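# Results of the structural survey
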Amino acid sequence: MVDQADGTSTPSGKVLLSVESVNKRFGDFTALKDVDLQVAEGEVVVILGASGSGKSTLCRCINRLESIDSGRVVFDGRELPQEGTELARLRADVGMVFQSFNLFAHKTVLENVTLGPIRVRRTPKAQAVEEARALLNRVGVGQKESAHPAELSGGQQQRVAIARSLAMHPKLMLFDEPTSALDPEMIREVLDVMVGLAKDGMTMVAVTHEMGFARQAADRVVFMDAGQIVETGPPEEFFTRPRTERARDFLSTILQH
């Protein structure tokens, strides 16, 4: 990455993720149709679109949480297989943060964050704990390391979930509507963490309805409709001069609320 004068990073140009002619159906419903998307190392891509447009399905197909009917997903030069140990290895390099926080209720915050590095990465426990504490401080919940998830607010739980993903040292972070389950006052604290990650050069694909985040942090906006990518471009261009009628209709609806 090339550091800019404002301290942010620009993509390196190396393609880290390539989605190639991906199709996905659920029965008679076509969720994704011939989707092509490339994401460069260090790039922040925000996927926008109305409910049912295929955004979350695409996000889940990237990590093979949903199988695809045809096409390829290539991550860091390797095609993601449908299953097996190779898929597990590649998945370890892709962090994912969901709408629901998916923390282990019976484990403390610190245990939630150290579990993956110790079991999957075989990181020594002392090192995993040290790195986890640094990450929890980074996302602003370091003082909660001994708490259980039920003792945290939704915003705190989501920040722990982000720390848990970062603890695996991922090459790519996927965010699937990470603020949609949060109260309005908690949304900003999660978005602030995501903006910080973007400025630090983390490669990110984020499905979100948060237009402010898209404007502030995205290198590129991808707009989906009816399972297809219908428009893509820099955020300023997309928000001020959308090229397609479907994007203009979407923005007029969103920005009126």
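It should be emphasised that the depicted structure is a prediction, and the values quoted were computed from it without experimental measurement. (Residues numbered from 1 in each chain as written. Predicted model: local features only at pLDDT ≥ 70, side-chain atom pairs only at ≥ 80, totals over all residues. Heavy atoms only, no water.)

What follows deals with the overall build of the protein chain. Broken down by element type, the protein chain carries 9 helices and 12 strands. For the protein chain, the C-alpha radius of gyration of 18 Å lies close to 18 Å, the compact-globule estimate for 257 residues. Judged by the C-alpha coordinates and their principal axes, the protein chain covers about 55 × 40 × 40 Å. Taking the intrachain contacts of the protein chain between residues at least 6 apart in sequence as the baseline, contacts between residues at least 24 apart amount to 65%. Surface exposure of the protein chain reaches about 11,900 Å², of which carbon and sulfur atoms provide 48%. Between the centroid of the 30 positive side chains of the protein chain and the centroid of its 35 negative side chains there is a distance of 4 Å. (Helix = DSSP H or I, 4+ residues; strand = E, 2+ residues; numbered from the N terminus. Rg over C-alpha atoms; globule rule 2.2 N^0.38 Å. Contact = heavy atoms within 4.5 Å. Areas by Shrake-Rupley, 256 points an atom, 1.4 Å probe, with all protein chains shown as cover. Lys, Arg positive; Asp, Glu negative; His and termini not counted. Charge placed at Lys NZ, Arg CZ, Asp CG, Glu CD.)

Counting residues in each nonpolar core, the largest one holds 51 residues, and the members touching the most others are Ile162, Phe175, Met194, Met204 and Phe213. Here this core takes 9 residues from helix 6 (residues 184–199), the largest share from any one element. Not counting residues up to four positions away in its chain, the partners in contact with Met204 are Glu43, Val44, Val45, Leu172, Met173, Phe175, Met194, Leu197, Ala198 and Phe213. Formed by 28 residues, the second largest nonpolar core is a distinct cluster that contains Val35, Cys61, Leu80 and Val207. (Core = buried A, V, L, I, M, F, W, Y, C linked by side-chain atoms within 4.5 Å. Buried < 20%, exposed > 50% of the residue type's maximum accessible area, 1.4 Å probe, protein only.)

A word on the confidence of the model for the protein chain. Summing up the model confidence of the protein chain, the mean pLDDT is 90 and the portion of residues at 70 or higher is 94%. Low pLDDT, under 50, characterises residues 1–9; the predicted model gives this stretch 17 contacts beyond four residues in sequence or across chains. (pLDDT = per-residue confidence, 0-100.)

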